[in-house]
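Summary of structural features
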Amino acid sequence: KAGVTQTPRYLIKTRGQQVTLSCSPISGHRSVSWYQQTPGQGLQFLFEYFSETQRNKGNFPGRFSGRQFSNSRSEMNVSTLELGDSALYLCASSLARLWNTGELFFGEGSRLTVL
Amino acid sequence: KNEVEQSPQNLTAQEGEFITINCSYSVGISALHWLQQHPGGGIVSLFMLSSGKKKHGRLIATINIQEKHSSLHITASHPRDSAVYICAAFTGNQFYFGTGTSLTVIP
């Protein structure tokens, strides 16, 4: 069974640009959640999508957004990139909503560098 | 103040030693997760706890809801256990993460 796939794995952008990251969950999983990991702040929760609707959201500005498609694949978008957005962006999939799930399956992450 | 505190930050052990990593949290939770992250970034979910104790192989996780404290134990540690272990408190709509415990097991 294929795992969680994130694309692209690495990307470099400049300040002011925008970026879109993709996450394909394990087949049958309906929840996709997104996380940002930086050396300074560690792991932080961005948002959760389930059945094409954002269900939960962390404390990030509106520049960070996402969506989920009918096949459960999810994308996250960061607009007007800042240097501080340089991070490893991870997604995780689960069978059920985050509050009702026993295990999260993480992708390998997309490493974003903002110059 | 961080909602989730882990200790120790760094831990070096000899192969075969019993290891304990502690996690204290200040928020009300619906579940507590333990994650393992190897160099290169890949994260594996080890346990999700809402009460009591769970065991998987050489790993044991416990939680005390009243004291808002959880522990991860590794029995008979092995060099392949070397990784960063992260505690994550889920409130029902938000995750709060500890800063991680970096474990090195020396052969």
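As a starting point, this report considers the structure included with it. On a predicted model such as this, the values are computed, not experimentally measured, just so you know.

Moving on, we get to the pattern of salt bridges. All names here are of chain A. Within the structure shown, the criterion is met by six salt bridges over all chains. For Asp85, the salt bridge identified is with Arg63, shortest N-O distance 2.8 Å. Here Arg63 lies in the loop between strand 6 (53–57) and strand 7 (64–68) and Asp85 lies in the loop between strand 8 (74–78) and strand 9 (87–94), a separation of 22 residues in the sequence. You'll find Asp85 and Arg63 in the same group, each marked buried. A single salt-bridge network, built from bridges that share partners, covers Arg63, Glu82 and Asp85.

A separate point is the state of the cysteines. As enumerated under the stated definition, the model contains two disulfides over all chains in all. Shown here is the disulfide that connects A:Cys23 with A:Cys91, its sulfur atoms set 1.9 Å apart. Here A:Cys23 and A:Cys91 share a disulfide; its torsion about the S-S bond, 75 degrees, makes the bridge right-handed. With a gap of 68 residues between them, A:Cys23 in strand 3 (residues 19–24) and A:Cys91 in strand 9 connect regions that are remote in the sequence. Covalent S-S linkage joins B:Cys23 and B:Cys87, the inter-sulfur distance amounting to 1.8 Å. Looking along the S-S bond of the B:Cys23-B:Cys87 disulfide, the torsion reads about -45 degrees, which is the left-handed sense.

Calculation criteria
Residues numbered from 1 in each chain as written. Chains lettered and ligands numbered in written order. Predicted model: local features only at pLDDT ≥ 70, side-chain atom pairs only at ≥ 80, totals over all residues. Heavy atoms only, no water. Salt bridge = Lys/Arg side-chain N within 4 Å of Asp/Glu carboxyl O. Helix = DSSP H or I, 4+ residues; strand = E, 2+ residues; numbered from the N terminus. Buried < 20%, exposed > 50% of the residue type's maximum accessible area, 1.4 Å probe, protein only. Disulfide = S-S within 2.5 Å.

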